Amino acid sequence: MKVWTPVVAIALCLVVTPIVWGSSESPPAASVTPEIPQPPLEGLEPAVRELLTATREALLAAVDGGTASTEELADLYGHTGMVFHAHHSFEVAEVCYRRASELAAKELSWPYYLGYLYQDTGRFGEAASSYRAVLALEPEDPLANLRLGEVLLSLNELLEAEPYLKVAAGVDGLQAASEAGLGKIEMAKGNLEAAVQHYRRALELQPDANQLHYPLSLALRKLDRIEEAKAEIAKGGKARVSAHDRRLTEIGTLTASSEMFMTSGARAIKAGKLDSAATAFRGAIAARPSNARAHLNLAVVLRQLGDLEAAERSARKALELQPDYFFAHFNLGEILEAREDVAGAKAEYQEALAIDSRHIKANERVAALHMRAGEFEEAAKHYEVVVELAPSLPTPRYLLALAYVGVGETQRAHECVEEALLVNPGDARLQEAMVRLVAVDSSANASDIERALKVAIEQQKETASFGGAEALAMVLAAAQRFDEAVRLQERLIAQLPSSARPAVVELMQSNLRHYQAGERAVIPWPEE
Amino acid sequence: MGCLVGGWLAAAALAPAQVPAATAEESPRGEATTGESLSADDWFVDSTTTSGLDYVHFNGMSGEMYFSEIVGPGVGLLDYDGDGDLDIFIPQGSMLGEGKTIDDATFPVPQGSALGDRLFRNDTVIKADGTRGVHFVDVTLAAGLRGLGYGMGVAVGDYTGNGFPDLYVTNFGRNDLWRNEGDGTFEEVAAVAGVADDRWSISATFFDYDRDGHLDLFVADYVDFSINTHKPCFSTSSARDYCGPRSYNPVPARLYHNDGKGGFEDVSARSGIAAEFGGALGVVAADFDEDGWPDIYVANDQSPNQLWINQRDGHFVDDAFLAGIAVNMDGAPEASMGVDAGDIDGDGDEDLILSHLNRQSNTLYINEGGGLFSDQTLQAGLAAPSFPYTGFGAGWLDFDSDGALDFLVVNGEVQVIGALALEGDQFPLHQQNQLYRNLGDGKFEEVSARAGAAFELSEVSRGAAFGDVDNDGDGDVLVTANQGPARWLENRYSAGGRSWLGVVSRSPYGATSLGTRVRVDRGKAGSVWRRSRADGSYASANDPRILVGLGEVEASALVLTWPSGAVQRFNAPAGRNYWVVSPR
């Protein structure tokens, strides 16, 4: 079997007729030649349409030409199958693989690909037959052993699956996936200790396959090792165990679809490979220049790579292609913010909100810009939307409280924080906010002050922060323990670093004067 | 009517006499459909046309491939007029897209059909030969139901406690709460009652989480898709296709506490349930950890599912990971759509079944006690047959009345099926539905091929509601399809040959009491556990009555555990009756 690429396939179609086949072997009888379905091409990207059409026509021409050898025809059918498989046109691929398998009875690849196609589409019985056909030719073929083991596992034929997975477990690149499969078998058989060992071995072999922590946790839970199970759950993630399958990799290289580039770009981002992601998105743009998402994804990646100018250009291109593209406006807003173009950023966020007024992040971003500009009333409006949409998140409620303080609605800010504490009682920032707001609230009653004092003291015990200490001084004053407040405040002022913001210094000194005069603080946070 | 047994406070059979003797219209309406050919061997018969159930879903598609157009509708079974039989409520779609009109629709509105949600009254008659003639009459307008939102699903429960079930309709847009006035009409009160959730909601459930006697409401909200944030999505082949949930952000579910005065308070944040979310499609409320308090299980699309364990103080804590029901046994989140809870292995606790996207398989979680589960999908034989399908409506149903819960799932893709596109199909998402029989040894067998012509149909099925529509003591199924007809699949399996026992648990004020647990002792045949529930499946509401197949034996005792925790025992209740019971 030769290695083919889209370029080869297209080149082949450009010389569709006549194709001179090198061998004198006769082609197979016309009576068994299958019909190659014509897939719907409407709506496909031009490059994909061209590739699929050319590949299919090349095959038809060769079949009709009658001069290709059996081996050449088998290769052509097989590679046509691969091209269609790569574009998820399974029906065409199936026909081609089957014919290729018939024509080249000793070639492993075609029944393997056919088996994988069946496995991928849930036809496990047929998949098992195909893989068995591979193993009949080459019993030690590691990939076929692994896949047959997987398929038998899906069919709950555990005992049958085990020997195949054990063969694959001895092969580099397939070990982790095989160990995971063996773990699954032991779990099903109730051999929990053995399952634990297999899963641990799989994780040793492929530490980033953090999904495996979950089945491992289940085995531990069943063994009543609950704390260990919880620890494994905490390590869990989204990365699955993988096998190095050179055959499937080859299929992946045959795509001409912009979407496949998009997918590989997304995978690269997940893996933290930003340069690869940018390359993939550029590939997606090359395949379909009108792909607004590709331009935007490229913009996002370029921003992460620090090339803000190119990122802006790419985001603007996305908007040129799709002016009502919410995410393009939003991301362009972020890029402009990073370029310190606050007005431009705000305008883009506003454009995004004009499309979807209830988007959490867009509301958050525009609110933050309003806060920075001291436009607290506007900020509060946006944070209110965020709080409504995400009531359990502590940060928006905290920021909403700050916005209320900004417009002088301290009481409302206090209510907001109290509500947030009902949802997030352990949030230290909210607790400190509550302390500060109680401290400046002249209508707060003794029990509120007592509670705030208790919280402030507890906080200081747990994490002795500067802000927490300052809040403690404030609430001490509110509790009319002015001497203690003065002493603490003086100590804090003495500890203020020279880099402290003037507004902070000013507030602290102003508060100290209040405490010395037997008054409580009146401003909960520095004005800025 | 069966004899009153010692210890019963209120017990009466739902006698056939309670079924109205007159029908408004005898002749079937609507177009003939392909599922209605009846073979003597058919276990389920598509009796849609003969029953006069005339509903075709309109999804409002116009080629833009809006995400929301392929998601609905569900279906609800409820006895809205209190006459003892099940009526049907089905949400309806509408045209999608700013400035689009009906003329832009890819598929026109079926002739004679009116848009808007529909209510069909069940006017069953007992014929002279003793057989039942089920006939549905569209009473939407007379009932005052003018739901014109883009309907998704429905939850049913008597939140007012007036003895008549109310409707909570989830929409792509603001949800509706239709209060049943008890006189055959409904009043829309979502805003007044404080439950006018305007996020995209799919499933919902009424349940009494604080056991105060008033039904609270959980709403499963999905993702932040809107027409304005619609984006083009593409298949691997580069052709336009429908977007998946990951193209948008999930939004948190909502929990509303019933204040007992006709209103609700949004306690989503305070209760903790807003803390974790993943784009919910299905929900079921049941006591999974067997502490007597109802918990919530949320089925999420491509994100870990949540098991909200009731802390008995108004708070919930998600324990799905340790419980073993957050993700599949490989640790991968699945695209969970439908969900149902029921005791399939006769050990008295709630087992779970979930329907999933193709290439994921449906998943069976067996409750090993105390709310710890084990994925038994492979061992049960449920994995391989479901792998090629995308399941939506799903539920436990003892279709053969042998006392073991079987499984029915309705299927329909969410992304283009290549083979259908190859044939030039205009809406290439349709698939066949499936029926699995519980073999009683932990294994299931797919029996779709023997279930009847209705299971040969290929449609884009979405909702499935389970209940005894013709009051003959076996479980029927209402199935809805996206851009397709609603179908009543009438159970003809036992045809009167097997015994059964029905229980209608009523609260002191006459409402059906959701969450009541029933144990039916069957002598040597063992005990069977069931729960009064309307939730489960996908965007649908089931018959809240409890129906127990007895097979060839009779019940020796019936033990009820009320939502309050109170227990009542009754001896030797006669089979083939629906018994109405109220707490002491």
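Note that the coordinates shown come from a computational prediction; the quantities given were computed from them, not determined experimentally.

S.K.: Can you walk me through the pattern of salt bridges in this structure?
M.R.: Two side chains of opposite charge can pair, provided their charged atoms sit close to one another. Residues and elements named next belong to chain A. For the coordinates displayed, the defined rule picks out 64 salt bridges over all chains. Here E312 and R316 are joined by a salt bridge, their closest N and O atoms 3.0 Å apart. With E312 and R316 both in helix α17 (residues 308–321), this residue pair falls four residues apart, about one helical turn. A salt bridge links R412 to E409, with the nearest nitrogen and oxygen atoms 3.1 Å apart. Among the ionic contacts, a cluster of salt bridges with common partners joins E193, R200, R225, E228, E232 and K235.

S.K.: Which parts of the structure should I look at to understand the interface of chain A and chain B?
M.R.: One frequent convention defines the size of an interface as the accessible area lost when the parts assemble. Every contact between the two is made by 55 residues of chain A and, on the other side, 52 residues of chain B. Taken over both partners, the interface formed by chain A and chain B buries close to 4300 Å², and the fraction arising from carbon and sulfur atoms is 59%. Between the two partners, chain A and chain B, sit five salt bridges. For E368 of chain B, the salt bridge is made with R221 of chain A, and the minimal N-O distance between the two is 3.3 Å. By residue number, the principal contributor to the side of chain A that touches chain B is helix α11 (residues 213–222) of chain A, which donates five residues. Among the residues making up the side of chain A that touches chain B, the classes are represented as 24 nonpolar, 15 polar and 16 charged.

S.K.: Would you take a moment to explain empty space enclosed by the protein for this structure?
M.R.: Rolling a probe over the atoms, with the probe sized like a water molecule, indicates the empty space that remains. Residues and elements named next belong to chain B. Under the criterion given, the structure shown has six cavities of 30 Å³ or more. As a volume, the largest cavity reaches approximately 380 Å³. W396, L405, R530, R533 and L547 are the residues nearest the centre of the largest cavity, which is lined by 27 residues in total. Only β22 (336–342), β26 (391–397), β32 (461–467), β37 (527–531) and β38 (546–551) provide two or more residues apiece to the lining of the largest cavity. Split by residue class, the lining of the largest cavity holds eight nonpolar, seven polar and 12 charged. Roughly 60 Å³ of internal volume is contained in the second largest cavity. The residue inventory of the lining of the second largest cavity, partitioned by class, reads four nonpolar, three polar and two charged.

S.K.: In this structure, what is going on with the environment of G116 of chain B? I would like to understand it.
M.R.: Residues and elements named next belong to chain B. Mapping G116 onto the fold places it in the loop between β3 (87–90) and β4 (118–122). Classification of G116 by relative accessible area gives buried; the value is 5%. The spacing of G116 and I90 is 26 residues in sequence and 9.2 Å in space, taken between C-alpha atoms. The residues touching G116, leaving out its near neighbours within four places in the chain, are Q92, G147 and L148.

S.K.: Help me understand the packing of aromatic side chains, please; the structure alone is not making it clear to me.
M.R.: Two descriptors summarise a pair of aromatic rings, namely the distance from one centre to the other and the angle between the planes of the rings. For the coordinates displayed, the defined rule picks out 39 aromatic pairs over all chains. The interplanar angle of 80 degrees and the centroid separation of 6.0 Å between the aromatic rings of F67 of chain B and F225 of chain B together place this pair among those described as edge-to-face. Of this pair, F67 of chain B sits in the loop between α1 (48–51) and β2 (76–78) while F225 of chain B sits in the loop between β13 (216–221) and β14 (233–234), and the two are 158 residues apart along the sequence. The ring of Y398 of chain A carries R429 of chain A above its face, with NZ or CZ at 4.6 Å from the centroid. Above the plane of the ring of F392 of chain B lies R462 of chain B, whose end atom (NZ or CZ) is 4.0 Å from the centre.

S.K.: Looking at this model, I keep getting lost on the confidence of the model for chain B. Mind explaining?
M.R.: Close inspection of predicted coordinates is inappropriate for parts of the model with low pLDDT. Residue and element names in this part refer to chain B. Taken as a whole, chain B shows an average pLDDT of 89; of its residues, 93% reach a score of 70 or greater. A low-confidence stretch, residues 1–38 (pLDDT under 50), is modelled with 85 contacts involving residues beyond four sequence positions or located in other chains. For this predicted complex, the interface confidence reaches an ipTM of 0.87, while the overall pTM sits at 0.82.

Rules and cut-offs
- Numbers given for residues are sequential positions, taken from 1 along each chain in its written order.
- Naming scheme: in the order in which they are written, chains are lettered from A and ligands are numbered from 1.
- Where totals are concerned, whole chains, interfaces and linings use all residues; where local detail is concerned, this predicted model gives features only for residues with pLDDT of at least 70, and gives and counts side-chain atom pairs only at 80 or more.
- Computation of side-chain values: all heavy atoms of the structure, hydrogens and water removed.
- When a carboxyl oxygen of Asp or Glu lies within 4 Å of a side-chain nitrogen of Lys or Arg, that pair is called a salt bridge.
- What counts as a helix is a DSSP run of H or I of at least four residues, what counts as a strand is a run of E of at least two, and both are numbered from the N terminus.
- Contacts were defined at the residue level, with two residues in contact if any of their heavy atoms lie within 4.5 Å.
- Note: buried area is the sum, over both parts, of the accessible area (probe 1.4 Å) each one loses when the two are combined.
- Each residue is assigned to one of three groups, with Ala, Val, Leu, Ile, Met, Phe, Trp, Tyr, Cys and Pro labelled nonpolar, Asp, Glu, Lys and Arg labelled charged, and all others, Gly among them, labelled polar.
- The definitions used throughout rest on a 1 Å grid laid over the protein atoms alone, on which a cavity is an enclosed set of points accommodating a 1.4 Å probe that cannot get out and a pocket is an open set flanked by protein within 12 Å on both sides along at least five of seven lines; lining residues are those having an atom within 4 Å of a point.
- Grid points are joined across faces, edges and corners, and a volume is the space filled by probe spheres set on the points.
- Exposed residues in this analysis have more than 50% of their type's maximum accessible area, buried residues have under 20%, and partly exposed residues fall in between, with area computed by a 1.4 Å probe over protein chains only.
- A pair of Phe, Tyr and Trp rings is counted when the ring centres sit within 6.5 Å of each other, with Trp represented by its six-membered ring. The angle between the planes then sorts it: under 30 degrees is stacked, over 60 is edge-to-face, the rest tilted.
- A ring is considered to have a charge above it if a Lys NZ or an Arg CZ atom is located within 6 Å of its centre and within 35 degrees of its normal.
- pLDDT: the predictor's confidence for each residue, scored from 0 to 100.

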